[in-house]
Amino acid sequence: MGSRWTNSFESSNATKQALCLCCKKLGIRPTFLAEDEAVPATGKPIISLGKRSQRVNCDMCRFFLNLSPNYVRNYKQHVRLFDHIRHSSLHPNLLALMELPRTRFLSVLRENSTLQYDYSVKDEIVQSGVIIYLPTDLRAPSPVHLINATTVDFGLLSSLIEHCQSSHSLCTKVEVRCSLPYIYLINCVEERVVREHPNQKYLALSYVWGQPNSQESSQSIVGETWPEDSFSFSKAPLTIQDAMHVVRSLGRNYLWVDRYCINQNGGLEKKAMLQNMDQIYENAEATIVAMYGENGGAGLPGVSCVARRPQPCLQTSRGSLVSSCPPISTLIQTSKWATRGWTYQEARLSKRCLFFTEHQVYVVCQETTRSEAVPSDSRSCWISTLLNSSRLDGGLFWPQTSIANGFCRDRLAFSQRTLSYESDILDAFRGILNRSPFFTFWGVPITSLKAAMDPHTGLALGLLWTRTPSWAIPRHLVSCKEPPRIRRVKFPTWSWTSVTGEIFNEGYGPQSVYGAYLEADDCVSNRSDAYIRFWIYVGGKQIPLDEVIQQQQHSPILPEDSPFLLVQGDLVQLVLTNGKQPYRVWGCEHLSLEFWAVFDLDQDITADSTQDGDQSFLADALILVDWNDSQKKGKKRFVLMLLKWIGDGRAERRGLLSEYRKEYNAEELRRIPRTRTTFILQ
């Protein structure tokens, strides 16, 4: 076999490639075409590559190493053959995968003799895409297609949009809820701004403004006489020019772009447009997402003058090794577009998005993903399932987490992003809150809209947000570096909106009360032994939380007249010795209870860890949760909010004490001294 494959990796012009001895002996064609030889459930190692950092002279090894995942450490890596991925879960959605047609593919992964290469490492398997072999004499259709290196396949995009419109019930039943009497649109054929009814069919553009480039001029900004006077788009940012080209190439006429379709001198009209931007994106036929570049001048690859990145491909004398390109979730996490706060709800609330990347275009809707390289439905085979299962939900924008899809996943993905003006934190998330299954107050969930749960208990659960714990951070794949956690001004400390950085809530699944609550289950009605109560200020008056919710009819967002909460609950006095955690109950040294703090701000971590001497520091904490949630008899969940007093009867939040997953002895909890207190949390 060695002599047969010695020259197997020649290009089409018969030029020999530099191959190492192992690659010369490797029979790629038999590996893929020997269907009578079963592939093990956890894959089959094909070739060892060594470390990515080492110098490589072999063309095939270099090809594979360039397609390896972005690992934290410099692991030894290898090429592994799969035709499906084993899983241990009995979830019906995963069981259904076993019936899918199997197609052989390669993935580059770290070498580990004890690692189970199954569904638990799916993110590693697909992060850089998968590799297939396309023989020259290919007779059956391949799930991975060759991408046009220079031009977007607009015919394919049109057919994918039309298929979505005719076949996807989730994408067509989106409620039209535009309260605007009219909107402004760019007529891409006549190249002018016109006023149209909101029901007019149009595409929207989501992009990063960034810093203007040297080619932009004052003519690209609408003047005071806008929109009556026509103006030229020839000097508009390239991304906008390319988006107009996309609209025309798809056989459409109209495009909405915030830069030109919101009258900057419009006064009340401008305010109304800004407040309804979420509806504008939701009502668009599709949203063009400019994932490439860092400003409006970057353009859309494959549309006009911006080149695409070549699809990774290694020619052989009898076929080719071809990469599918990375899945859209990988590219989103590394893009400048995904760092900007306002772009989150622009894409998240759209019916469908066309993500223009340097590799190809991805069409993502409420049900599935398709791309130029893998245009098949996610249920057609294993390769399309692995690469095309993303949908327009929170999981698309932050997939590596145990948090269930829904409000908490949206919040986690959004809170990773930055804003030019920190005061926009609530407004940039307002579209998500308006469509949330929860009543919310300053962004904090209370209860689902039809829940039987006591609102006071619900808000206490909503206050269990925290920074991401170390155990929830991916250990092997590189993740985004978290920015410094500082306090936003003019937002209440008890709300996640007051803290920069990602906001975490662990997903427990519907088998637990808390997990069912996080998934907005209306049937949850449990009451906590914390006996906590809240009042909010509406029109200058203190009104019990449950009464405010009873009066709430038209919006899930409670009136945010004041950032203050009047709280009545049980306080526990704790002690911290020599600045070293854990906290313990003051005066109850006989109890074995220990509480570890997760601080909201970086400065609080530093302050607690730099205390010297043999001193003890006292602190008060408010009991938020005190109940049994699916544990054995005699165990309880017990979570407290660490307080900082800033005046008589006024306190701020510093963080949480203990995690919800921690279980405590119920008898010891009963013996903790508690002080019933009423105070203002701000």
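Residues numbered from 1 in each chain as written. Predicted model: local features only at pLDDT ≥ 70, side-chain atom pairs only at ≥ 80, totals over all residues. Heavy atoms only, no water.

A. A look at the overall build of the protein. A count of helical and extended segments in the protein gives 22 helices and 26 strands. The buried share among the 682 residues of the protein stands at 57%. Accessible surface computed for the protein: about 29900 Å², of which carbon and sulfur atoms make up 49%. (Helix = DSSP H or I, 4+ residues; strand = E, 2+ residues; numbered from the N terminus. Buried < 20%, exposed > 50% of the residue type's maximum accessible area, 1.4 Å probe, protein only. Areas by Shrake-Rupley, 256 points an atom, 1.4 Å probe, with all protein chains shown as cover.)

B. Here's a closer look at the sheet that holds strand 13 (residues 361–365). With respect to topology, 8 strands assemble into an open sheet ordered 6-5-8-7-9-12-13-14, the strand pairing being mixed. With one partner strand each, in any of the chains shown, strand 6 (192–196) and strand 14 (369–371) form the two edges of the open sheet. Here the average twist between neighbouring strands, direction ignored, is 30°. Examined bridge by bridge, strand 12 (residues 352–356) and strand 13 share 5 bridges and lie antiparallel to one another. If you follow C353 over to strand 13, its bridge partner there is V364. Contacts between helix 8 (residues 238–249) and the sheet are confined to strand 5 (183–187), strand 7 (203–206), strand 8 (254–256), strand 9 (286–290) and strand 12, with strand 8 contributing the most and set at about 145° to the helix. (Pairing = 2+ DSSP bridges. Axes fitted to C-alpha atoms, helices over the stretch in contact; angles between N-to-C directions. Contact = heavy atoms within 4.5 Å.)

C. A look at unusual backbone geometry. The linkage connecting Q581 with the following residue, P582, adopts the cis geometry, with an omega of 15°. With respect to the helices and strands, P582 occurs in strand 20 (residues 580–585). The phi torsion at A520 lies on the positive side, around 60°, for a residue other than glycine. Along the polypeptide, A520 turns up in the loop between helix 19 (513–518) and strand 17 (533–538).

D. Quick peek at the pairing of strand 15 (residues 438–441). Because side chains alternate across strand 15, one face comprises the buried residues F438 and T440, and the other comprises F439 and F441, equally buried. Here strand 15 hands over to strand 16 (residues 444–448) after 2 residues, with W442 in that stretch at a positive phi of 55°.

E. Helix 6 (residues 154–167), seen in detail. In a regular helix each residue adds 1.5 Å, so 14 residues correspond to 20 Å; helix 6 covers 20 Å between its end C-alpha atoms and thus fits that length. The secondary structure elements touched by the buried residues of helix 6 are helix 7 (169–172), helix 8, strand 12, strand 13 and strand 14. (Expected span 1.5 Å × (residues − 1).)

F. Main features of the packing of aromatic side chains. Counting across every chain of the model gives 25 aromatic pairs. Look at W256 and Y281: their rings are 5.5 Å apart centre to centre, the planes differ by 80°, and that puts the pair in the edge-to-face class. Of this pair, W256 sits in strand 8 while Y281 sits in helix 11 (residues 277–283); the two residues are 25 residues apart in sequence, bridging distant segments of the chain. Residue classification places W256 among the buried positions, given a relative accessible area of 0%. Y281 sits in the buried class, given a relative accessible area of 1%. The interplanar angle of 25° and the centroid separation of 4.8 Å between the aromatic rings of F414 and F429 together place this pair among those described as stacked. Remark: F429 occurs in the loop between helix 16 (407–415) and helix 17 (430–434) and F414 occurs in helix 16; sequence separation between them is 15 residues. Neither F414 nor F429 differs from the other in exposure class; each is buried. Site record: aromatic cluster; members linked through ring pairs are W337, Y344, F355, F397, F407, F414, F429, F438, W496, Y514, Y517 and Y660. (Phe/Tyr/Trp six-rings, centres within 6.5 Å; stacked < 30°, edge-to-face > 60°.)

G. How the structure looks around the confidence of the model for the protein. Considering every residue of the protein, the mean pLDDT works out to 86; 88% of them sit at 70 or more. Confidence drops under pLDDT 50 across residues 1–15; counting only partners more than four residues distant or on other chains, this segment forms 32 contacts. Note on residues 214–225: pLDDT under 50 across the span, and 17 contacts to partners over four residues away in sequence or across chains. (pLDDT = per-residue confidence, 0-100.)

H. Here's a closer look at the side chain of N187. Structurally, N187 can be placed in strand 5. The exposure class of N187 is buried, given its relative accessible area of 8%. There is a polar contact of 3.1 Å between the side chain of N187 and the backbone nitrogen of V189. (Polar contact = N/O pair within 3.5 Å; in protein donor to acceptor, adjacent residues only side chain to side chain.)

I. Summary view of the pattern of salt bridges. Tallied over the entire structure, the rule returns 27 salt bridges. With its nearest N and O atoms 3.9 Å apart, the salt bridge here joins D118 to R86. Residue D118 is located in the loop between strand 3 (105–110) and helix 5 (122–126), and its partner R86 is located in the loop between strand 2 (76–82) and helix 4 (92–95); the two are separated by 32 residues in the primary sequence. You can call R86 partly exposed: its relative accessible area is 33%. Here D427 makes a salt bridge to R430, at a shortest N to O gap of 3.5 Å. Taken together, the salt bridges that share partners define one network made up of D529, D626, K636 and R674. (Salt bridge = Lys/Arg side-chain N within 4 Å of Asp/Glu carboxyl O.)

J. Spatial organisation of the environment of T497. Relative to the elements of secondary structure, T497 occurs in the loop between helix 18 (455–462) and helix 19. T497 gets classed as buried once you look at its relative accessible area, which sits at 0%. C-alpha separation for the pair T497 and G443, spaced 54 residues apart in sequence, amounts to 6.9 Å. Setting aside chain neighbours within four positions, we find T497 in contact with I425, L426, W442, R488 and F491. Separated by 2.8 Å, the side chains of T497 and S495 make a polar contact.

K. View of the side chain of S384. Its location among the elements puts S384 in helix 14 (residues 382–388). By relative accessible area, S384 is classed as buried at 0%. Engagement of the side chain of S384 in a polar contact is seen with the side chain of S380, the distance being 2.9 Å. The residues touching S384, leaving out its near neighbours within four places in the chain, are V374, S376, D377, S378 and S389.

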